[in-house]
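So you can see what is in the structure, the chains are spelled out below.
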Amino acid sequence: MPHHSEPSQKKLGLWTSTSLVVGNMIGAGVFLMPAALASFGSISLLGWLFSAIGAFFLARVFGNLSRLLPQVTGGPYAYTRSGFGDFAGFLVAWSYAIALSCANAAIVISWVSALSVFFPVLATHTVAAAGTGLVTIWLLTWINTRGVVVSGRLQLATTILKILPLIIVGIGGLFFIRAENFHPFNSSGTSVFGAITTTAAFTVFALVGIESASVPAGNVSNPERTIPRATLLGLLIAVLVYFTGSISIMGMIPATQLRHSLTPYADAAQQLFGPQARYWVSGGIAIAAFGALNGWILVQGQVLYAIAKDRLFPALFARENNKQVPYMGMIINSILVSLFMLINYTKGLVDQFKLLMSLAVFMVFIPYLFSSMAYLMVRLKHRERITGNVTGAILLALLAFAFSLWAIAGTGEKAVYSGFIGLMASVPVYIWIRYTND
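Everything in this summary refers to the structure shown in the same document. Owing to the predicted nature of the structure, the values given are computational and were not obtained by experimental measurement.

### Some words on the nonpolar core
Inference 1: Core analysis: the biggest nonpolar cluster contains 140 residues, and Ile-26, Tyr-77, Tyr-242 and Phe-365 have the highest contact counts within it.
Inference 2: Excluding anything up to four places from it in sequence, Phe-365 contacts Leu-58, Val-204, Val-208, Phe-403, Ser-404, Ala-407 and Ile-408.

### Looking at the pattern of salt bridges
Between side chains of opposite charge, a pair can form as their charged atoms come close.
Inference 1: Counted under the stated rule, the structure contains four salt bridges.
Inference 2: A salt bridge links Asp-310 to Arg-81; the shortest N-O distance between them is 3.2 Å. Residue Asp-310 is found in the loop between helix H13 (277–309) and helix H14 (327–344), and its partner Arg-81 is found in helix H4 (residues 76–84); the two are separated by 229 residues along the sequence.
Inference 3: With its nearest N and O atoms 2.9 Å apart, the salt bridge here joins Asp-86 to Arg-434. One end of the pair, Asp-86, is in helix H5 (residues 86–115); the other, Arg-434, is in helix H18 (residues 426–437), with 348 residues separating them in the sequence.
Inference 4: Where salt bridges share partners, they join Arg-81, Asp-86, Asp-310 and Arg-434 into one cluster.

### Structural notes on unusual backbone geometry
Negative phi is the rule for most residues except glycine; trans is the rule for most peptide bonds.
Inference 1: We note that Asn-222 has phi near 55°; this positive angle belongs to a residue other than glycine.
Inference 2: In this fold, Asn-222 is placed in the loop between helix H9 (192–205) and helix H10 (223–252).
Inference 3: Of note, the phi angle at Arg-311 is positive, near 65°, even though the residue is not glycine.
Inference 4: As for its position among the elements, Arg-311 is in the loop between H13 and H14.

### Topic: helix H12 (residues 264–273)
In an α-helix, one turn spans 3.6 residues, which is why side chains three or four residues apart end up on the same side.
Inference 1: Counting buried residues along H12, seven of its ten residues qualify, which places the element largely inside the surrounding structure.
Inference 2: Within H12, burial applies to Pro-264, Tyr-265, Ala-266, Asp-267, Ala-268, Ala-269 and Leu-272.

### Describing the side chain of Ser-214
Inference 1: Checked against the element boundaries, Ser-214 lands in the loop between H9 and H10.
Inference 2: Taking relative accessible area as the criterion, Ser-214 reaches 0% and is therefore assigned buried.
Inference 3: Once residues within four sequence positions are removed from consideration, Ser-214 is found in contact with Phe-62, Val-72, Gly-74, Gly-75, Pro-76, Tyr-79 and Ile-227.

### Re the packing of aromatic side chains
Inference 1: One pass over the full model with this rule turns up 17 aromatic pairs.
Inference 2: Each ring, one from Trp-48 and one from Tyr-242, has its centre 4.9 Å from the other, and the planes form 20°; the classification is stacked. With a gap of 194 residues between them, Trp-48 in helix H3 (residues 44–68) and Tyr-242 in helix H10 connect regions that are remote in the sequence. Here the two residues Trp-48 and Tyr-242 agree in accessibility, since each one is buried.
Inference 3: Site record: aromatic cluster; members linked through ring pairs are Phe-50, Phe-62, Tyr-79, Phe-365, Tyr-368, Phe-403 and Trp-406.

### Description of the environment of Lys-11
Inference 1: Position of Lys-11 among the secondary structure elements: in the segment before helix H1 (14–25).
Inference 2: Overall, Lys-11 belongs to the buried group, its relative accessible area being 14%.
Inference 3: Taking the C-alpha atoms as reference points, Lys-11 and Ala-217, separated by 206 residues in sequence, lie 9.6 Å from one another.
Inference 4: There is a polar contact of 3.4 Å between the side chain of Lys-11 and the backbone oxygen of Gly-218.

### Brief notes about a nonpolar patch on the surface
Inference 1: On the surface, Leu-46, Leu-49, Ile-53, Phe-185 and Val-192 cluster together to form a nonpolar patch covering roughly 420 Å² of accessible area.
Inference 2: Broken down by element, the nonpolar patch gets its largest block of residues, three residues, from H3.
Inference 3: Among the structural elements, Phe-185 can be located in the loop between helix H8 (148–173) and H9.
Inference 4: With a relative accessible area of 41%, Phe-185 lands in the partly exposed category.

What counts and what doesn't
Residues numbered from 1 in each chain as written. Predicted model: local features only at pLDDT ≥ 70, side-chain atom pairs only at ≥ 80, totals over all residues. Heavy atoms only, no water. Core = buried A, V, L, I, M, F, W, Y, C linked by side-chain atoms within 4.5 Å. Buried < 20%, exposed > 50% of the residue type's maximum accessible area, 1.4 Å probe, protein only. Contact = heavy atoms within 4.5 Å. Salt bridge = Lys/Arg side-chain N within 4 Å of Asp/Glu carboxyl O. Helix = DSSP H or I, 4+ residues; strand = E, 2+ residues; numbered from the N terminus. Phe/Tyr/Trp six-rings, centres within 6.5 Å; stacked < 30°, edge-to-face > 60°. Polar contact = N/O pair within 3.5 Å; in protein donor to acceptor, adjacent residues only side chain to side chain. Patch = residues over 30% accessible without salt bridge, like charges linked within 9 Å, V, L, I, M, F, W, Y side chains within 5 Å. Areas by Shrake-Rupley, 256 points an atom, 1.4 Å probe, with all protein chains shown as cover.

Keep in mind these values describe shape, not function.
Spelled out as C-alpha cells, the structure:
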C-alpha cells in the first residue's frame, strides 16, 4: 500500500517481519510431518536437508529482489510482473491465491484437530468441527481488517508461543534418542534418490512462506534492509525448529509406531515430561495453526490488493477501509477458504491433508519458479545501475529455479495434473479482466 508518508510505528519492523516468515512457515503441518515421513525411514532427514538448502537459495532470491525493488507490495507477484510483464504476473497471483486458499483450509483443519485434544467432541462431531473452523476463519479475518500493525503484533506473539514447545521437544528430545529407531535407513521401497525426492516434496511444503516478508513491502519500514534480513533469519529459525524436532521424534519413537501417530510431537513430549505434556504440545499446535492462519490472511489480502491495484484483477479487491486494509479481498478469500474447508470435512484426517497439500504445493511453486527467473531479468535490466557480479546472480537464479522445478516434479503426477488444469483455467479470466478493466 503506497502510504509512504506514514510514520514507521505504523509499519512492520524486523522482528514482526521475521515472525511473519517463521509464523507462516511453521503452520500446523509441521506437527504431522514426522508421522508422514516415518514410512520412508530416516532417509527423510536428508530430504529435510535438501529442502533447507533449496529454501536458502529462494530466501536469497527474495532478499535480493526486495533490495532491487524495495517499495513494491505483492512479493512474488510484483517481482514476476516487473520481470515478465502483466500476464506472467497474473498467472503467479492466480496460483498464489489458490495455493493459499488450499493451504489455509488445511491449516484450519489442523487447528480443529489440535483443539480436539481439549474438546473431544471436535474429533467425533463434524458439525462442531466445521463450525469451530468457520468461527476461527472469520475471527482472524476481522482482526486483520483492524490494520497491518494489529495483525503483526498478533503474529509476533503467536510465533513466540508456538516455537517454545517445538524447541523444548526438539532440543530436549536429543538427549533421549535411541540409535536403533533410525533403522531402516530407507524403507520407502524406492531408490535412495527417489526416496529423497519424495520426502523432500513433503518437507518443501513446510518451507512455504519464505516469501512472506516481501509481500507487504509497502508496509515494512526500511524494506530494502528489513526484508532480506527477516527472510534469512526466519528461514534459519524455522529450519532449526524442524530439524531438531524431526531428529528427536524419529529417534525417540520407533518408526512402526510413529507412522500411525496423529500427534507425533505430543507422543514425544509425553515420553519426555509425562502424560500432562500432551496438552501443552496440543496447545502449541493450536497456537501454530492460529498464528499461521493470521499471517496468511494478511499476506493473501496484500497480494490481491497489489494485483487489483495494477488493474489485473477486479477493482473490488483493492477496496480499502479506513485502516488502509484491503478488506474486500480478505473477505472474498475467506469465503473461499471456508468452502474448501467444508468440502474437506469428509475423509480421514491425514488423507485430506495430503490431497490439499499436493494441490497447494504445485500452485505455490509456480510463484517461486517465476520469481527466480524474474530476479535474473530484473538484475540484467538494471545491470548498468548495479555494481557487482552478474555471474553470481545468474548462478543463484538458476539454482533457485532448478530447486523450484524439482519441487514441482516431487509433488507427483496427480498434483501437477490438477494444478496445471487449475493454472490454465485462469487464461480466459485474464482476458475477461483485461477487457473489462480497459
